[in-house]
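# Structural description and commentary
Here's the letter readout for the chains.
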Amino acid sequence: MRIILDGMGGDNAPAAVVEGAVLASKETNHEIHIIGQQEQIEEELKKYKYDADKISVIDAREVITNDEAPVRAVRSKKDSSIVRGLNMVRSGEGDVFVSAGSTGALLAGGLFILGRIQGIDRPALACIYPIVGGIPSLLVDAGANSECKPNNLLEFGIMGNIYMEKVLNRPEPKVGLVNIGAEAAKGSTLTKAAYDLLEHSDMNFIGNVEARDVPMGVCDVIVTDGFTGNVVLKLTEGLAWNILQNIKKKFTDGAKAKLGAALLLDKMNELKKEFDYSEYGGAPILGVKGPVVKMHGSSNANAVKNTILKAIPYASENVVGIIQNSVLEIEEITLSEY
C-alpha cells in the first residue's frame with residue numbers, strides 16, 4: 001500500500017509530519033510518500049534513522065494555507081501538496097491521502113478531483129469522539145455540512161456505520177441521532193424526518209440521544225448535522241481541557257495536594273490520554289471516491305503516526321467501495337418527499 005502524506009499541512013509541518021512518518025514506518029511495512037517542498041522535508045528526515053525503502057519524498061512546490069479561499073486555491077495551485085496528493089489517489093499512484101492542511105481545501109479537492117460517490121449527496125467528516133471511561137464513538141458530521149436534509153443524516157449514519165465496522169472493528173455499532181429529547185416526536189422538522197429514515201434502515205438505530213448522554217457512550221455512531229456536530233465536538237474538547245487543567249491546579253495547591261497528586265499520577269495520565277486527540281488519529285472524509293483522512297491542524301508526531309496507522313484499514317478494507325455499494329439501500333428507503 002502507498003500512503004500519501006501531506007508534508008506541508010498543519011501548524012507543525014513539516015517537522016511533526018516527518019517525525020510521525022518515521023514513527024509509523026517502524027510499525028508498518030507499507031510505503032509512506034511524503035509530498036511537499038522536497039528540501040524542507042529531506043532536511044527533517046536527516047534527523048532520523050529510517051528505512052529508505054519505506055519512506056520517500058515527492059516534490060510539490062506550492063502550499064495551500066488556511067487563509068485562502070478553498071475552491072480558488074484548489075483550482076489555482078495545481079502543484080500544491082494537497083492537489084498533487086489527491087491526484088495521486090485518483091490516478092492509482094496512491095491508496096490513501098493523509099493531511100493536516102486546510103479542511104476546506106481537502107473537501108473542495110475531494111469533490112473536484114476524486115468526485116462524490118454516486119448517490120451520496122454530501123460528503124462528511126467522521127471524527128473520533130472520546131468517551132468517559134469507555135471506547136470512543138464516531139461523530140458524523142463533524143463540520144463539513146452546516147445545513148442538511150433528512151437524507152443527508154441517513155447517509156451520515158450509513159457511512160459512519162460502515163467505517164465503525166470495517167476500520168474500528170465494532171460489529172453492529174449502535175447508531176444514535178443527536179436531538180433535544182429521546183422521544184421520536186421531539187426535535188426539529190429535520191431531526192423528526194431523519195429519525196423516520198434511520199428507523200427504517202437496517203442499521204442498529206437506537207433512536208434519539210441527548211447531548212448529556214453522548215459523552216457517556218450511549219451510542220457508537222453519533223449522527224448529526226455538521227453545525228451541531230462541530231459545536232458538540234469543540235464544546236467537549238474545551239470542557240475536558242478546562243476540567244483537566246483545573247484538577248491539575250487543585251492537585252498542585254499545597255504540599256498535601258501534591259502528595260495526593262503523586263499517588264494518583266498514573267490514573268491522571270490515563271484520564272488525560274482518554275481525551276488526547278493525538279491518540280485517535282484523524283477524521284476520514286466519507287462520501288468521496290477515494291480514502292482521504294484529515295488530521296487536526298495542530299497535530300504532533302504522535303497524532304501523525306496514529307493517523308497513518310488508522311488510514312491503512314480505511315484503504316485496505318475498501319470502505320469507499322462498501323459505501324458506494326450501500327447507496328442502493330439509501331435510494332430504496334429514502335422517501336421521495338425528502
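Refer to the structure above for everything that follows.
Quick summary incoming for the structure in this document.

## A few points about the sheet that holds strand S3 (residues 55–59)
Backbone hydrogen bonds are what pair the strands of a sheet, in a parallel or an antiparallel way. Ordered in space as S3-S2-S1-S4-S11-S10-S5-S6-S9-S7-S8, the eleven strands form an open sheet in which the pairing is mixed. Each end of this open sheet is capped by a strand with a single partner; those strands are S3 and strand S8 (204–209). This sheet shows a mean twist of 25° between the axes of neighbouring strands, independent of strand direction. Note that strand S1 (residues 2–6) and strand S4 (residues 96–99) share three bridges and pair parallel. Residue pairing across strands places Ile 4 opposite Phe 97, the latter belonging to S4. Strand contacts of helix H1 (residues 15–25): S1, strand S2 (31–36) and S3, with the helix running at about 170° to S2, the strand carrying the most contacts. Against the sheet, helix H4 (residues 81–91) touches S1, S2, S3, S4 and strand S11 (292–294), its axis set at about 160° to S4.

## Description of a nonpolar patch on the surface
Among the surface-exposed residues, Val 71, Leu 111 and Phe 112 lie close enough to one another that they form a single nonpolar patch of about 230 Å² accessible area. A relative accessible area of 35% places Leu 111 in the partly exposed class.

## Let's talk about the packing of H4 against helix H5 (residues 103–114)
At a minimum axis distance of 10 Å, the contact between H4 and H5 shows a crossing angle of 40°. The two elements H4 and H5 meet at a crossing, and its hand is right-handed. Only Ala 105, Leu 106, Gly 109, Gly 110, Ile 113 and Leu 114 of H5 make contact with H4, whose side of the interface consists of Ile 82, Val 83, Leu 86, Asn 87, Val 89 and Arg 90. Looking at the contact of H4 with H5, its residues break down into eight nonpolar, three polar and one charged.

## Here we look at the pattern of salt bridges
Pairing of side chains with opposite charge becomes possible as their charged atoms draw close. Summed over all chains, the structure comprises 13 salt bridges. A salt bridge links Asp 95 to Arg 2; its shortest N-O distance comes to 3.6 Å. Note that Asp 95 is positioned in the loop between H4 and S4 and Arg 2 in strand S1, a separation of 93 residues in sequence. Between Glu 210 and Arg 212 there is a salt bridge, and its shortest N-O distance comes to 3.6 Å. Using a relative accessible area of 63% as the deciding quantity, one classes Arg 212 as exposed. One network of salt bridges, in which partners are shared, links Glu 39, Asp 59 and Arg 61.

## Side note on empty space enclosed by the protein
Summed over all chains, the structure comprises one cavity of 30 Å³ or more. The volume enclosed by the largest cavity comes to roughly 40 Å³. Forming the walls of the largest cavity are Gly 9, Gly 10, Asn 12, Ala 13, Ala 16, Val 17, Ala 100, Met 295, His 296, Gly 297, Ser 299 and Val 304. Of the residues assigned to the lining of the largest cavity, the class counts are six nonpolar, six polar and no charged.

## So, the side chain of Thr 307
Note on placement: Thr 307 falls in helix H11 (residues 301–316). Of the residues examined, Thr 307 reaches a relative accessible area of 1% and is grouped as buried.

## Observations regarding the packing of aromatic side chains
Each aromatic ring pair is specified by the distance between its two centres and by the angle formed by the two planes. Under the counting rule described, the total for this entry stands at two aromatic pairs. Where Tyr 163 meets Tyr 314, the ring centres are 5.4 Å apart and the plane angle is 75°; that geometry is what we call edge-to-face. Of this pair, Tyr 163 sits in helix H6 (residues 150–166) while Tyr 314 sits in helix H11, placing them 151 residues apart in sequence. Take Tyr 163: its relative accessible area is 4%, and that puts it in the buried class. On the basis of relative accessibility, which here comes to 1%, the residue Tyr 314 falls in the buried class. When the ring of Tyr 195 is compared with that of Phe 205, the centres are 5.2 Å apart and the planes differ by 75°; the resulting orientation is edge-to-face. Note that Tyr 195 is positioned in helix H7 (residues 189–199) and Phe 205 in strand S8, a separation of ten residues in sequence. Across from the ring centre of Phe 112, 4.9 Å away, lies the NZ or CZ of Arg 75, which sits over that ring.

## Describing the nonpolar core
Core analysis: the largest hydrophobic core is formed by 58 residues, its most contacted members being Leu 5 and Ile 32. Here this core gets eight residues from one element, more than from any other, and that element is H6. Dropping the residues within four chain positions of it, Ile 32 is found in contact with Ile 3, Leu 5, Ala 21, Ala 24, Ser 25, Lys 54, Ile 55, Ser 56 and Ile 308. With 36 residues, the next largest nonpolar core counts Ile 58, Cys 127, Val 232 and Ala 283 among its residues.

## Some remarks on H5
Quick reminder: α-helices carry 3.6 residues per turn. Residues three or four places apart thus point the same way. Compared with an ideal rise of 1.5 Å per residue, which puts twelve residues at 16 Å, H5 spans 15 Å between its outermost C-alpha atoms and is within 8% of the ideal. Where H5 is concerned, the buried positions are Ala 105, Leu 106, Leu 107, Ala 108, Gly 109, Gly 110, Ile 113 and Leu 114. The backbone nitrogen of Gly 104 has a side-chain oxygen 3.4 Å away, supplied by the residue at the start of H5, namely Ser 102. A positive backbone phi angle near 90° is found at Gly 115, which sits one or two residues after H5.

## A few points about the environment of Ile 4
By the element assignment, Ile 4 lies in strand S1. For the pair Ile 4 and Ile 34, spaced 30 residues apart in sequence, the C-alpha separation works out to 6.1 Å. Once residues within four sequence positions are removed from consideration, Ile 4 is found in contact with His 33, Ile 35, Gly 85, Met 88, Glu 93, Gly 94, Val 96, Phe 97 and Val 98.

Basis of the calculations
Counting restarts for each chain: residues are numbered from 1 in the order of the written sequence. With the structure being a predicted model, the display of local features is reserved for residues of pLDDT at least 70 and the display and counting of side-chain atom pairs for 80 or more, all residues being used for whole-chain, interface and lining totals. Hydrogens are left out, water is left out, and the side-chain values use all remaining heavy atoms of the structure. Strand pairing follows a simple DSSP-based rule, namely that at least 2 bridges must link the two strands. Elements are defined by DSSP. Helices are runs of H or I of four residues or more, strands are runs of E of two residues or more, and each kind is numbered from the N terminus. Every axis in this analysis is a line fitted to C-alpha atoms, fitted for helices over the stretch in contact. Angles between the N-to-C directions lie between 0 and 180 degrees. The contact definition used throughout considers only heavy atoms, calling two residues in contact when any of these lie within 4.5 Å. Within this analysis, patches are made of residues with over 30% relative accessible area and no salt bridge. Like charges are joined at 9 Å or less; nonpolar side chains (Val, Leu, Ile, Met, Phe, Trp, Tyr) at 5 Å or less. Residue burial considers only the protein chains on display, and all accessible areas are found by Shrake-Rupley using a 1.4 Å probe. By convention in these notes, a salt bridge is any Lys or Arg side-chain nitrogen within 4 Å of a carboxyl oxygen on Asp or Glu. Only protein chains enter the accessibility calculation, which uses a 1.4 Å probe. A residue is then buried if its area is under 20% of the maximum for its type, exposed if over 50%, and partly exposed in between. Rotating anticlockwise by less than a right angle from the far helix to the near helix defines a left-handed crossing, while the corresponding clockwise rotation defines a right-handed one. As a working rule, the residues Ala, Val, Leu, Ile, Met, Phe, Trp, Tyr, Cys and Pro are called nonpolar, Asp, Glu, Lys and Arg charged, and the rest polar, with Gly in that last group. Cavities and pockets were defined on a 1 Å grid built over protein atoms only: a cavity is a set of grid points that admits a 1.4 Å probe from which the probe cannot escape, a pocket is an open set flanked by protein on both sides within 12 Å along at least five of seven lines, and lining residues are those with an atom within 4 Å of any such point. Grid points are joined across faces, edges and corners, and a volume is the space filled by probe spheres set on the points. In this analysis, rings of Phe, Tyr and Trp, with Trp reduced to its six-membered ring, are considered paired at centre separations within 6.5 Å, and the interplanar angle assigns stacked below 30 degrees, edge-to-face beyond 60, and tilted for intermediate values. For a lysine, the NZ atom is tested; for an arginine, the CZ atom; a charge sits over a ring if that atom is within 6 Å of the ring centre and within 35 degrees of the ring normal. Buried Ala, Val, Leu, Ile, Met, Phe, Trp, Tyr and Cys residues that are joined via side-chain atoms within 4.5 Å together make up what is termed a nonpolar core. The span expected for a helix works out to 1.5 Å for each residue beyond the first. Here a polar contact means two N or O atoms within 3.5 Å. Within protein one must be a hydrogen donor candidate and the other an acceptor candidate, and residues neighboring in sequence count only if both atoms are side-chain atoms.

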